[in-house]
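Fold and contact review
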Amino acid sequence: MKQNKKSVLDVCCGGKCFYFDKAHADVVFADVRHETVDLYKGRTLTIKPDVVADFRALPFSDGEFHVVVFDPPHLRRAGRNGWQAKRYGVLNDKWQELLRQGFVECFRVLAANGVLIFKWNETDIPISRVLELTPYPPLLGNRCGKQSKTHWVIFYKSKKLKP
């Protein structure tokens, strides 16, 4: 595993849609795919990570990052070839194990006293079922908008807490 000089890791960056600076000098952008996909009505999405990697097996050292961003696929019922599946990915029937492994790996590369930022949309799976899969308890979070099902959750990897 090669050490890098950046302090933030996004493990499923996709199209980097919520970034103000899609080329931020402190962020390592990772994703399982590197491609341009046709979405709908002539729109395309380019997924161009710095590192192609599965969030369950990251090629980084233990405790390497101060901040990790984890925005995994959240859909189970999207059509495999629909624009939502192309944009966000789709979970399979083993989604609990997939997310559990993702959380373990994110916390592995997160430094002590580091922060994990987790984004989840509960269109198909309630946030409560997902939070049961994490080795550390969440510190805080919020739901975006009155009708929104998107949650932002912050985890703090305290030296005092053990998974």
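Details of the structure are given in the entry above.
Residues numbered from 1 in each chain as written. Predicted model: local features only at pLDDT ≥ 70, side-chain atom pairs only at ≥ 80, totals over all residues. Heavy atoms only, no water.

1. Here's the deal with the overall build of the protein
For the record, the criterion: Numbering of helices and strands runs from the N terminus; a helix is a DSSP stretch of H or I covering at least four residues, while a strand is a stretch of E covering at least two. With the radius of gyration taken over C-alpha atoms, the globule rule is written as 2.2 Å times the number of residues to the power 0.38. When a residue's accessible area, from a 1.4 Å probe over protein chains only, is under 20% of the maximum for its type it is buried; when over 50% it is exposed; and in between it is partly exposed.
Check the secondary structure of the protein and you find three helices and nine strands. Beginning at the N terminus, the succession of helices and strands in the protein can be written as β-β-β-β-β-β-α-α-β-α-β-β. Expected size for 163 residues packed as a compact globule is a radius of gyration near 15 Å; at 15 Å, the protein falls within 12% of this value. With respect to the three principal axes, the spread of C-alpha positions in the protein is 50 × 35 × 30 Å. Counting over 163 residues, the protein shows a buried share of 44%.

2. Digging into the nonpolar core
For the record, the criterion: Side-chain atoms within 4.5 Å are what join buried Ala, Val, Leu, Ile, Met, Phe, Trp, Tyr and Cys residues into a set we call a nonpolar core. Note on definitions: a residue-residue contact is assigned when non-hydrogen atoms from the two residues lie within 4.5 Å.
Counting 31 residues, the largest nonpolar core has Leu9, Val11, Phe70, Phe103, Leu116 and Phe118 as its most contacted members. Of all the secondary-structure elements, those providing two or more residues to this core are β2 (27–31), β6 (65–70), α2 (95–109), β7 (110–121), α3 (127–131) and β9 (150–157). Counting residues per element, this core draws most heavily on α2, which supplies seven residues. Residue contacts for Leu9: discarding those within four places in its chain leaves Val28, Ala30, Leu58, Phe60, Phe65, Val67, Val68, Val69 and Val109. In this structure, Cys13, Tyr19, Val27 and Val69 belong to the second largest nonpolar core, which totals six residues.

3. Observations concerning the sheet that holds strand β5 (residues 51–52)
Inclusion rule: A strand pair is defined by DSSP finding two or more bridges across the two strands.
The strand order across the open sheet built from seven strands is β5-β2-β1-β6-β7-β9-β8, with neighbouring strands paired in mixed fashion. This sheet does not close on itself; its edge strands, each paired only once, are β5 and β8 (138–143). Direction of pairing for β6 relative to β7: parallel, over a ladder of five bridges. Bridge pairing in β7 links Val69 to Ile117.

4. So, the packing of aromatic side chains
Threshold: The pairing test for Phe, Tyr and Trp rings, Trp by its six-membered ring, is centres within 6.5 Å, and the orientation test on the planes gives stacked under 30 degrees, edge-to-face over 60, and tilted for anything in between. For a lysine, the NZ atom is tested; for an arginine, the CZ atom; a charge sits over a ring if that atom is within 6 Å of the ring centre and within 35 degrees of the ring normal.
Applying the stated criterion to the full structure yields twelve aromatic pairs. Their ring planes at 75 degrees and their centres at 5.2 Å tell us that Phe18 and Trp152 sit as a pair that is edge-to-face. Here Phe18, found in the loop between β1 (8–10) and β2, pairs with Trp152, found in strand β9; they are 134 residues apart in sequence, far enough to count as distant. Relative accessible area serves as the criterion here: at 23%, Trp152 is assigned to the partly exposed category. One aromatic cluster is present, built from ring pairs that chain together Phe55, Phe70, Phe103, Phe107, Phe118, Trp120, Tyr136 and Phe155. Across from the ring centre of Phe29, 4.2 Å away, lies the NZ or CZ of Lys16, which sits over that ring.

5. Some details on the pairing of β9
Of the pairings in the sheet, the one linking β7 to β9 comprises eight bridges and is antiparallel in character. Paired with Phe118 across the two strands is Val153, which belongs to β9. One ladder, built from five bridges, connects β8 with β9; its direction is antiparallel. Note on β9: the bridge partner recorded for Leu140 is Ile154.

6. With respect to the side chain of Glu122
The condition is simple: For this analysis, a polar contact is any N or O atom pair within 3.5 Å, provided that within protein one partner can donate a hydrogen and the other can accept it, and provided that sequence-adjacent residues contribute only side-chain to side-chain pairs.
For Glu122, the position within the fold is in the loop between β7 and α3. A distance of 3.1 Å separates a polar atom in the side chain of Glu122 from a polar atom in the side chain of His151. Apart from the residues lying within four places of it in its own chain, the contact partners of Glu122 are Ile127, Arg143, Lys149 and His151.

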